[in-house]
Amino acid sequence: MSNLYSQLPRYIQNSQVAKNERPPPVSETTRKFVPNFVMGSIESTSKDPAKIYTAKVKDKVMLLDNPLKSSEEKKKRTILKKKVKTMSAKEKRQTRIYEIPKECHKYELFVPLHELWLQYIEELYGKSSPNIFGQKLLKADFHGAILTVSKSKCASYIGVTGIAIQETENMFKLITRDNNMKCIPKGHSIFTFRLRDHMFTLYGDQFRYRSAIRATKKFKNKPSIDL
Amino acid sequence: MSIFISEPVKSKLYISHSSITLKKSRHEQIILDHPFNNNLDIFFPSIINSKKITSLFNNEFFYYKVDLPLSWFIERDFIRDYVKSGCVVALSLTEGIDIANVIALDSLGTLILNLTKDTYEELGLDGKSTKFGPDKQRFVVQIDLKEKSLIPGKKGYERIKWCFNNTLTKKFTFLISFVKSGTKKSSEIDFPSLFNAEKILGKFDFNNTFDNILIPDLNMIKNISNEFQWRLDAVEIYDWIGLASIQAQRIKSHDQVDPFISVYKPPEPYSNGNGSFIKYTGFIPSLTIKELFDSVSNFLREDASNNIPWAIINVWGFKDSPISWNKHEHGYFMNGENNYSFIVYNDGTYILYQALGTYDTYS
């Protein structure tokens, strides 16, 4: 399996376009003037003006213009932004854009996703202790994890094992080894998965957010009393 | 368990009057439908030669105490060799039906799992919530082992097997007895050695005499003339039966207890007499009880001249059993009574008392 962040392919690196790429042209006077001017204007108390220059100014892009101030211009800009078209929820439903077509309900298709997830979660785990890792897990992504339902109010969900291929606010969609897709509600269920010979438990009830929101949400300690 | 009980809880006592000679008589059914019997005693209002008694009522029975995983019950060999060729009864010994999981196999071959909520939510088999106690805190799962579709390869069977091998793998300590349908005697069960099977013989206690007691005249409730009065009398007699079975001092003829402690008097008319008991304790198969019942009634019929006009048979069911009679759900709450008593007369008439605790659906 290739690495998560692989390099650009060779043919792109060697292409003519890439070779023609140059840093933006800077006139000779500017190149001479700027370092001298900046280093000269730094107070003499600081030890090494050259070092500060390389750390803070060299090769950095800085906005020298004043930002927009007039409210009219701002308005214009917001109107422009709004014009970016997104699909409405209804359209999403009608086009079934998030539905996984039936011919794709195959376990092997998602094995690479699982391997990718393993790399990701290993990297996330790193050298942290299981306790700290628990905190990280709250915000982790579970697309590709092999989840098992260990406890549920509904008897027939118990024991379902599969690769999580989609997470919505209230659902995990798992693809099982016998190529079935099972939609398991997060509520009233407890999920487990194995990692480095540890068993991790996800309390579905506490997990009922969209994954994007979950990543930025601040979680509070809440006891799980009942399924 | 709720402290806020809206109305006083009632135990139930059903009294019926019938005769063995009648075709519609339910006595056999009552005995056979009550699978989990802990205790049995038979009372005669006279002292009977213990040798004679031993020869008459020596129905040997035995049972096993064994640690079993649940998957053992759904093995094909077990179902073929035992469930379908006789009557296997098993009951798990746990802390109690209010707080722990109770597993039972009744005489009809139904595996009954009375589970706490936590276990049920992990098990993965479909069940119903119990009729008693706080809502949805206990669940009952029933598996009919005699069902035709319960064979390897079928979806339902594989699911049950998977659950017993993966989710509820714990071993339970069971009392288990097997009566072969041919011989109608307790028979051996083969257990793999790792189950710690222990064979227990039923305890017999023949030499139990209880002399100088006040015995009421049970003939006064033999026939019903006034139903209301009969009911009152029958309940009074039941009190006396209870005192007799614990061999209470209050029914001794020379008892002179301070009325501050007890003002009990046996139901009138009573007379002085002696009694003798046969006692059985253990996990008694219903078939054994039925045979004992038959031999008692035969003994009374043949012995008509011998001054034994009647006998009493008391049976106490296990208090923590998940069912009482015939798959009727049973619980504990204040007491888990599921007992019955027969007063058998020498002409075949009998009076049946069935005592049940609050948590029971039998009626």
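Residues numbered from 1 in each chain as written. Chains lettered and ligands numbered in written order. Predicted model: local features only at pLDDT ≥ 70, side-chain atom pairs only at ≥ 80, totals over all residues.

An unreviewed UniProt entry annotates chain A as Ribonuclease P protein subunit p29 originating from Rhizophagus irregularis. According to UniProt, the comment filed for chain A under the heading Function (unreviewed entry) is "Component of ribonuclease P, a ribonucleoprotein complex that generates mature tRNA molecules by cleaving their 5'-ends." Checking UniProt for chain A, the heading Subcellular location (unreviewed entry) contains the comment "Nucleus, Nucleolus". (UniProt positions renumbered as here; feature names shortened; annotations may be inferred.)

(A) Here's a closer look at the overall build of chain B. A count of helical and extended segments in chain B gives seven helices and 15 strands. The C-alpha radius of gyration computed for chain B amounts to 22 Å, which stays within 12% of the reference 21 Å derived for 363 residues, consistent with globular compactness. Its C-alpha atoms put chain B at 65 × 50 × 40 Å along the principal axes. A total of 363 residues make up chain B; the buried ones form 37% of that total. Considering only contacts in chain B between residues 6 or more positions apart, those separated by 24 or more positions represent 75%. (Helix = DSSP H or I, 4+ residues; strand = E, 2+ residues; numbered from the N terminus. Rg over C-alpha atoms; globule rule 2.2 N^0.38 Å. Buried ≥ 20, exposed ≤ 12 C-beta atoms within 10 Å, placed from the backbone. Contact = placed C-beta atoms within 7 Å.)

(B) Examining the interface of chain A and chain B more closely. Counting residues at the interface gives eight residues for chain A and eight residues for chain B. Per-class residue counts for the side of chain A that touches chain B are three nonpolar, three polar and two charged. (Nonpolar A, V, L, I, M, F, W, Y, C, P; charged D, E, K, R; others polar.)

(C) Geometry of the nonpolar core. Counting residues in hydrophobic clusters, the biggest one holds 87 residues, and the most contacted among them are V88, A90, A104, V296, A311, I313 and V344 of chain B. A per-element tally of this core places helix α7 (residues 286-302) of chain B first, with seven residues. Of the residues that make up this core, three or more belong to each of domain 1 (12-61 + 206-356) and domain 2 (63-201) of chain B. If sequence neighbours within four positions are ignored, V344 of chain B has contacts with V296, S297, L300, W310, A311, I313 and Y350 of chain B. Formed by 21 residues, the second largest nonpolar core is a distinct cluster that contains I121, V160, A164 and L202 of chain A. (Core = buried A, V, L, I, M, F, W, Y, C linked by C-beta atoms within 7 Å. Domains from an automatic or database assignment.)

(D) Local environment of the sheet that holds strand β6 (residues 198-203) of chain A. Residue and element names in this part refer to chain A. Read across the open sheet, the six strands follow the order β4-β3-β2-β1-β5-β6; overall the sheet is antiparallel. The outermost strands of the open sheet, each flanked by one partner alone, are β4 (181-185) and β6. Across the sheet, the axes of successive neighbouring strands diverge by a mean angle of 45°, strand direction being ignored. In this structure, strand β3 (residues 171-176) lies alongside β4, joined through five bridges in antiparallel fashion. Counted as the bridge partner of K173 is C183 from β4. On top of the sheet, helix α7 (residues 107-125) reaches β1 (146-152), β2 (161-167), β3 and β5 (189-195); it is set at about 80° to β2, its chief contact. (Pairing = 2+ DSSP bridges. Axes fitted to C-alpha atoms, helices over the stretch in contact; angles between N-to-C directions.)

(E) Looking closely at unusual backbone geometry. Between E268 of chain B and P269 of chain B the backbone carries a cis peptide bond, its omega angle lying at -5°. Take P269 of chain B: it is sitting in the loop between α6 (227-245) and β12 (270-284). Positive phi, close to 60°, is recorded for H188 of chain A, a residue that is not glycine. Along the chain, H188 of chain A turns up in the loop between β4 and β5. For H188 of chain A, a count of 16 C-beta atoms within 10 Å translates into the label partly exposed. A positive phi angle is found at Q247 of chain B, which is not glycine, with a value near 55°. Relative to the elements of secondary structure, Q247 of chain B occurs in the loop between α6 and β12. Overall, Q247 of chain B belongs to the partly exposed group, with 14 C-beta atoms counted inside 10 Å.

(F) Fine view of helix α5 (residues 155-166) of chain B. Residue and element names in this part refer to chain B. Spanning twelve residues, α5 covers 16 Å between terminal C-alpha atoms, matching the ideal 16 Å at 1.5 Å per step. The complete set of buried residues in α5 reads I160, C163 and F164. One side of α5 carries all its buried residues, which in axial view fall inside an arc of 95°. Looking at α5, the residues exposed on the side facing more than 90 degrees away from the buried face are K155, E158 and N165. (Expected span 1.5 Å × (residues − 1). Arc of directions from axis to C-beta.)

(G) Local environment of the sheet that holds strand β9 (residues 171-180) of chain B. Residues and elements named next belong to chain B. Strand order in this open sheet of eight strands is β7-β8-β6-β5-β4-β9-β3-β10, and the pairing throughout is antiparallel. For this open sheet the edge positions go to β7 (128-129) and β10 (198-201), each flanked by a neighbour on one side alone. As defined by bridge partners, β7 adjoins strand β8 (residues 138-144) across two bridges and the pair is classed as antiparallel. In the sheet register, K128 faces β8, and the bridge partner there is V140.

(H) Examining the environment of S85 of chain B more closely. Residue and element names in this part refer to chain B. Mapped onto the elements of the fold, S85 is located in the loop between α3 (76-83) and β4 (86-92). Here the alpha-carbon distance between S85 and V179, two residues 94 residues apart in the chain, equals 8.9 Å. Sequence-distant contacts of S85, defined by excluding residues within four places in its chain, comprise K180 and S181.

(I) Representation of the environment of Y332 of chain B. Residue and element names in this part refer to chain B. As for its position among the elements, Y332 is in the loop between β13 (310-317) and β14 (338-345). Given 22 C-beta atoms within a 10 Å radius, Y332 is considered buried. Each C-alpha atom of the pair Y332 and T169 lies 26 Å from the other, and the pair is 163 residues apart in sequence. Sequence-distant contacts of Y332, that is, excluding residues within four places in its chain, are made with G96, I97, D98, K319, D320 and Y359.

(J) Quick peek at the pairing of strand β6 (residues 110-116) of chain B. Residue and element names in this part refer to chain B. Relative to β6, strand β5 (residues 102-105) runs antiparallel, the two sharing four bridges. Looking at the pairing, I103 lines up with L113 of β6. Summarising the sheet, β6 and β8 pair through seven bridges and their orientation is antiparallel. Each residue of the ladder has a partner; that of L115, found in β8, is F139.

(K) Region of the structure containing the domain arrangement of chain B. All names here are of chain B. Domain parsing of chain B yields domain 1 (12-61 + 206-356) and domain 2 (63-201). Using only C-alpha atoms to locate each centre, domain 1 and domain 2 end up separated by 31 Å. Tallied by class, residues from the side of domain 1 that touches domain 2 come to twelve nonpolar, five polar and four charged.

(L) View of the domain arrangement of chain A. Taken domain by domain, chain A consists of domain 1 (10-56) and domain 2 (104-216). For domain 1 of chain A versus domain 2 of chain A, the separation of C-alpha centres amounts to 47 Å.

(M) Local environment of the confidence of the model for chain B. Model confidence for chain B is summarised by a mean pLDDT of 85, while 96% of its residues fall at 70 or above. Scoring the predicted complex yields pTM 0.75 and, for the interface, ipTM 0.75. (pLDDT = per-residue confidence, 0-100.)

(N) Broad picture of the packing of helix α3 (residues 28-41) of chain A against helix α4 (residues 49-56) of chain A. Residues and elements named next belong to chain A. α4 packs onto α3 with a crossing angle of 120° between their chain directions and a minimal axis gap of 9 Å. Classified by the interaxial angle, the pair formed by α3 and α4 is oblique. Handedness of the α3/α4 crossing: right-handed. Contacts between α3 and α4 involve P35, V38 and M39 from the first element and P49, A50 and Y53 from the second. Looking at side-chain class alone, the contact of α3 with α4 contains six nonpolar, no polar and no charged residues. (Parallel < 35°, antiparallel > 145°, perpendicular 65-115°, else oblique. Left-handed = near helix turned anticlockwise from the far one by under 90°.)

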